[in-house]
Amino acid sequence: MDKLTSMNVFVRVAKAGSFAGGARDLDISRAMATKHIMHLEGCLGTRLFNRTTRSLSLTEVGASYFERCQQVLLDIDEMESQVTHLQTEPRGALRISAPPVIGATHIARAISEFLKLHPDLNVELLIQSSPGDMIEDGIDLAIYLGTLNDTSMVARKLASSSLIVCGSPDYFAKYGTPQTPQELTQHSCLINWAIPPKNKWPFKSESGYQVINVSGRLQANVADAIRIAAINGLGLVMLPIYIVGWDIERGRLLPALQNYPSPPLEVHAVYPHRKYLSAKVRVFMEFLQSWLEPRVSKLGGPET
């Protein structure tokens, strides 16, 4: 039997959780799927599945082999793409994950412009806080904010956006404007869970960065929730300029602590670690980098 075909059958069976399900996905018989798995186990000299009359699960060795097989099959797909038009001209389907706010505004607008340039390409945009398992979910590219901790992924920096502390004119009229970062402990600070720095706000000082632990009346996992609360005078926020820039230009929010800059929020494109990068991903990343940087690094931007 062809070992590569057996590996493909193994991956399908593991994902489906049954021989019947994996066979159905490949349009082969259950008996043939079983033969492929037995062939692999014979070659490897070990069991890949724990089998009972009611369930099928991967052994410890099987789980490790499953991860490697997925990567091998993905690498083969990429190598085949390299010698086809897919490697020179973007076409087909591109699945992108992006977090709220920047995904629904900047990334969505960039995609619209990109599709005008590439009529043979289709895009599926998923707005979600985390890209999750990119390989399992078939995501080609994810937009990630902040520091990347997953070393199995490859990241490319696209842009950076200044973090600004700001509040409404009514809030400052009622409670005063903080003159130093330490004074933030006397203010209601609205906290965004979705991206750093959460409730630890860093500021540059003569000795490096100092971190202020802040608290307030509202915490949320999306930036727009605390942005709207700040406009309504409920407290101060620390948010990227691409989120609050329009409000600052319109006077709905006023910046504070401008003499104490915070480290910028970095925007990355993240993709699974593959030797061969398809044209659709490579060309979109290059386009997005040139499109995004000037739009997230300064005041202004789309009103939301």
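What you are looking at is a predicted structure, and each value in this text was computed from that prediction instead of being measured.

Peer 1: What am I meant to see in the overall build of the protein chain here?
Peer 2: Regarding its fold elements, the protein chain presents nine helices and 14 strands. Against the 2.2 N^0.38 benchmark of 19 Å for 304 residues, the protein chain shows a C-alpha radius of gyration of 25 Å, more extended than a compact globule. In terms of overall dimensions, the protein chain has a C-alpha envelope of 75 × 45 × 35 Å along the principal axes. With 304 residues in all, the protein chain has 44% of them scored as buried. Look at the contacts in the protein chain between residues 6 or more apart in sequence, and 76% of them connect residues 24 or more apart. Averaging the coordinates of the 30 positive side-chain charges in the protein chain and doing the same for the 29 negative ones gives two points 3 Å apart.

Peer 1: How do you make sense of a nonpolar patch on the surface when you look at a structure like this?
Peer 2: Taken together, the side chains of M1, I28 and M32 present a nonpolar region at the surface, about 250 Å² in accessible area. Tracing the sequence through the fold places M32 in helix α3 (residues 30–44).

Peer 1: I keep staring at the pairing of strand β10 (residues 208–213) and nothing clicks. Help me out?
Peer 2: Two faces, one strand: in a regular strand the side chains alternate between the faces of the sheet. Here strand β9 (residues 200–205) pairs with β10 via six bridges, running antiparallel. Residue pairing in the sheet places K204 in a bridge with Y209 of β10.

Peer 1: Sorry, what's going on with the packing of aromatic side chains here?
Peer 2: One pair of aromatic rings is described through two measures. These are the centre distance and the angle between the planes. With the rule as written, the count across this model stands at eight aromatic pairs. Each ring, one from F114 and one from F287, has its centre 5.3 Å from the other, and the planes form 50 degrees; the classification is tilted. Residue F114 is located in helix α5 (residues 103–117), and its partner F287 is located in helix α9 (residues 279–296); the two are separated by 173 residues in the primary sequence. No difference in accessibility class separates F114 from F287, as the two residues are buried. Between the NZ or CZ atom of R295 and the centre of the ring of W291, over which it lies, the distance is 4.0 Å.

Peer 1: Looking at this structure, I do not really get the pattern of salt bridges. What am I missing?
Peer 2: Once the charged atoms of two side chains with opposite charge are near each other, the side chains can pair. On inspection of all chains with the given rule, the structure shows seven salt bridges. When the shortest N-O distance is used, the salt bridge between E124 and R95 registers 2.8 Å. Linking E124 in strand β4 (residues 121–127) with R95 in strand β3 (residues 92–98), this pair joins segments that are 29 residues apart in sequence. Note that D247 is salt-bridged to R252, the shortest N-O span being 2.9 Å. Judged by its relative accessible area of 27%, R252 is partly exposed. Here the salt bridges do not stand alone but share partners, grouping D224, R227, D247 and R252 into one network.

Peer 1: How should I be thinking about the environment of G167 in this particular structure?
Peer 2: As for its position among the elements, G167 is in strand β7 (residues 163–167). Residues G167 and L236, 69 residues apart in the sequence, show an inter-C-alpha distance of 4.7 Å. When neighbours within four sequence positions are excluded, G167 is seen to be in contact with F172, G235, L236, L253 and L254.

Peer 1: Is there a simple way to think about the pairing of strand β14 (residues 265–272) in this case?
Peer 2: Summarising burial for β14: seven of the eight residues are buried, a large majority. In terms of strand pairing, strand β5 (residues 141–145) meets β14 through four bridges, oriented antiparallel. Looking at β14, one finds that L145 is bridged to V267. Alignment of strand β6 (residues 153–161) against β14, held across eight bridges, turns out to be antiparallel. Each bridged residue has a counterpart across the sheet, and for S160 the counterpart in β14 is E266.

Peer 1: Just to check I follow, could you spell out the sheet that holds β6 for this structure?
Peer 2: By way of backbone hydrogen bonds, the strands of a sheet pair with one another, either parallel or antiparallel. Overall, mixed pairing links the five strands, which are arranged β4-β3-β5-β14-β6 in an open sheet. The open sheet has two edge strands, β4 and β6, and neither has a second partner. On average, adjacent strands in this sheet sit at an angle of 20 degrees to one another, irrespective of strand direction. Relative to β6, α9 is tilted by about 25 degrees, and along the sheet it contacts β3, β4, β5, β6 and β14.

Peer 1: Explain the state of the cysteines to me, please; I cannot follow it from the model alone.
Peer 2: Here a disulfide denotes one covalent bond, and it connects the sulfur atoms of two cysteines. With the rule as written, the count across this model stands at zero disulfides. Here C43 stays free of any disulfide, with the sulfur of C69 as its closest cysteine sulfur at 12 Å. No disulfide involves C166; its nearest neighbouring cysteine sulfur is the one of C189, lying 11 Å away.

Peer 1: Where do I start with the packing of helix α1 (residues 3–16) against helix α2 (residues 19–26) in this structure?
Peer 2: The angle between the axes and the distance between the axes are what describe a pair of packed helices. Closest axis-to-axis distance for the α1/α2 pair is 7 Å, and the angle between their directions is 125 degrees. In terms of orientation, α1 lies oblique with respect to α2. Between α1 and α2 lies a crossing whose hand is right-handed. Every residue of α2 that contacts α1 at N8, V9, R12, V13 and A16 is listed here: F19, G21, G22, D25 and L26. Of the residues belonging to the contact of α1 with α2, the class tally is five nonpolar, three polar and two charged.

So, how was this worked out
Residues numbered from 1 in each chain as written. Predicted model: local features only at pLDDT ≥ 70, side-chain atom pairs only at ≥ 80, totals over all residues. Heavy atoms only, no water. Helix = DSSP H or I, 4+ residues; strand = E, 2+ residues; numbered from the N terminus. Rg over C-alpha atoms; globule rule 2.2 N^0.38 Å. Buried < 20%, exposed > 50% of the residue type's maximum accessible area, 1.4 Å probe, protein only. Contact = heavy atoms within 4.5 Å. Lys, Arg positive; Asp, Glu negative; His and termini not counted. Charge placed at Lys NZ, Arg CZ, Asp CG, Glu CD. Patch = residues over 30% accessible without salt bridge, like charges linked within 9 Å, V, L, I, M, F, W, Y side chains within 5 Å. Areas by Shrake-Rupley, 256 points an atom, 1.4 Å probe, with all protein chains shown as cover. Salt bridge = Lys/Arg side-chain N within 4 Å of Asp/Glu carboxyl O. Pairing = 2+ DSSP bridges. Phe/Tyr/Trp six-rings, centres within 6.5 Å; stacked < 30°, edge-to-face > 60°. Lys NZ or Arg CZ within 6 Å of the ring centre and 35° of its normal. Axes fitted to C-alpha atoms, helices over the stretch in contact; angles between N-to-C directions. Disulfide = S-S within 2.5 Å. Parallel < 35°, antiparallel > 145°, perpendicular 65-115°, else oblique. Left-handed = near helix turned anticlockwise from the far one by under 90°. Nonpolar A, V, L, I, M, F, W, Y, C, P; charged D, E, K, R; others polar.

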